[in-house]
Amino acid sequence: MSRARDLADKSLYKITPSTDGNVLTSDGNNWISETPVSAPTGLTADFVAQGTIGANVSVGLRSDGKVEVITGVPVSKVGPVVFDSNGAQGSANAAYYDPDQDKIVVIYRDAGNSNYPTVIVGSLSSTTITFPSSGVVMGSYDAHYHEALYDPDTNMGVVVYQRGDAPANYALYSHQVSVSGNTPTVHPYVLVNGTGSTYHHNYIALSYNTSADKVLITYMDYDRSNSYMAKVGTVDASSPYQITWASEVEVTNENALHNGYNAYNAAANAHLITYSQNNGKMSYRVGTISGTTLTLGSQVLDSTFTNQQKVQIREIPSTSNFLHTWSDSDDSNKLKARVVSVSGTTPTGHTAAVSVSTSGVKMSMIIDPDQNQAIVVYDNNSSGLAEFRGIQINGTTVTIDAGFTAIDTTTAFANSYLCYDTTNDKIRAVGRTSQSPKQGVAFTIKLAQTNITSFIGFSNASATNGNTLNVTVKGGVASGLSGLTVLSDYYVQSDGSVTTTSTAPAIKIGTALSASKIGMIGFS
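About the cut-offs
- Residues numbered from 1 in each chain as written.
- Predicted model: local features only at pLDDT ≥ 70, side-chain atom pairs only at ≥ 80, totals over all residues.
- Heavy atoms only, no water.
- Salt bridge = Lys/Arg side-chain N within 4 Å of Asp/Glu carboxyl O.
- Buried < 20%, exposed > 50% of the residue type's maximum accessible area, 1.4 Å probe, protein only.
- Helix = DSSP H or I, 4+ residues; strand = E, 2+ residues; numbered from the N terminus.
- Pairing = 2+ DSSP bridges.
- Axes fitted to C-alpha atoms, helices over the stretch in contact; angles between N-to-C directions.

Participant: Tell me what's going on with the pattern of salt bridges, and back it up with residues and numbers.
Facilitator: Counting across every chain of the model gives nine salt bridges. In this structure, Asp 331 engages Lys 336 in a salt bridge whose closest nitrogen and oxygen atoms are separated by 3.0 Å. The exposure class assigned to Asp 331 is partly exposed, which follows from its relative accessible area of 24%. The class for Lys 336 is buried, based on a relative accessible area of 5%. Of the charged contacts in the structure, one is a salt bridge between Asp 421 and Arg 428, with a shortest N-O distance of 2.8 Å. Note on Asp 421: relative accessible area 0%, which makes it buried. Residue classification places Arg 428 among the buried positions, given a relative accessible area of 0%.

Written out as structure tokens, the structure reads:
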């Protein structure tokens, strides 16, 4: 029995509850005992289901207004396929994608033919690469340190390498390459640097400036106390198809003993150049091109990291940022990655992510613009196998995936080189086996895909394709879950599961209110 006093007339009333658990309330005239109203489970909305959706699962909102299950596809690879069974020697592999012909163009040092620089063109499908029986020799001499890129203005490739058959011929050579079907045409070489003395070059990097329609090459020159140098190149759109190189520009004369690299960013309209000096400090300079003139900003030193090896830099699309990866020889050769922002000619390096130890001569990295994530291929110190793993990019924060995929679980590969196939949205890679005869191989990589960024809430029932589905959306209280720890933060994972793991690309969705309910963060 309960009693209630009406504050208006000061009367005291006796009410007998009719059911255990009822609450005392008023109907406006009298005090009554009433069944309590259930607490709302949260904000809900009806949608049309895309595909079959179960109850209490995470769903995402599509661009057509329908909802679908949050799912993820892991990193996958197809291949490798052999492009030269006699051997692709040394750290000399390079490749680029030719969108005009929808082909992959591979440049390598042919061990079965006196180590001559050779080019071979592969046909592409969604997942496969098919090569002809042989390639085309670029020059009848040994060559090292190949680099290559595609010039979209002339639809031609630019290939650079160091001639290596004798010290007197350690000059830096360049070719333009045109492709028709599976047939490459190698045009006459032009000296980039070196006149037949003892020039010796390494850490060669190429980038293409889409605003100026120019090529920037950077390289280390052993004959100039390991100075890091740069030149601007103009690709020849007509016969004799020979690139013209402007005067040499000194990036640094402070003994750049460790890997250098450069890349171009269209949003910033600038090149980022990195190298390590003999004092061990990681260094950056930003360069801009006008005509054939390269202008460099001030050098920026970062003493946080020293002795970077196997350096790579790539433009992060639609931003003024670059992704910089390297192996840190002062930290057990661990793989590291950071975003570097550019404003004018000033670079700013952000916090670096750290992963596993690496080894080998070469590491390669490329960004998939559709997924806004990168992939890096390297040799693993422990397993002896080549591995690739993803790097997630979120603004200026990067996360290196904890998991990896071995190129092959039984065969070791080395000297991998990546390029991006924009037509088929695939990453194509070339390399060689580590065992004799060190065959030249290529394979296709598809980055992990997920619709996690479209997360909108949890289904409250099951529905088949095309039928109405009620969803508790962000800002509401999702129920029907299980095994939750009260007051713990929960994250939706790339495969749609919900756990306390916060590692990217996971997205925080809210806090557990009970073992079966999550109070979700609202729409931002």
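Text resumes after the structure shown.
Participant: Report on unusual backbone geometry, specifying residues and quantitative values.
Facilitator: Cis peptide bonds are those with omega within 30 degrees of zero, and the linkage from Gly 79 to Pro 80 qualifies with 10 degrees. As for its placement among the helices and strands, Pro 80 is situated in strand S9 (residues 76-84). Notably, Ser 114 is not glycine yet its phi reads approximately 60 degrees, a positive angle. With respect to the helices, strands and loops of the structure, Ser 114 is situated in the loop between strand S11 (103-110) and strand S12 (116-124). A relative accessible area of 48% means that Ser 114 is categorised as partly exposed. Its identity as a non-glycine residue notwithstanding, Asn 269 has a phi of 50 degrees, on the positive side.

Participant: Before we move on, can you summarise the sheet that holds strand S43 (residues 455-459) with the specific residues and values?
Facilitator: As summarised here, the arrangement of the five strands in space is S5-S44-S43-S6-S7, forming an open sheet in which the pairing is antiparallel. In this open sheet, the two strands that pair with only one neighbour each are strand S5 (44-48) and strand S7 (67-69). Across the sheet, the mean angle from the axis of one strand to that of its neighbour is 45 degrees, orientation sign disregarded. Across three bridges, strand S6 (residues 58-61) lies against S7 in antiparallel orientation. Residue pairing in the sheet places Val 59 in a bridge with Val 69 of S7.

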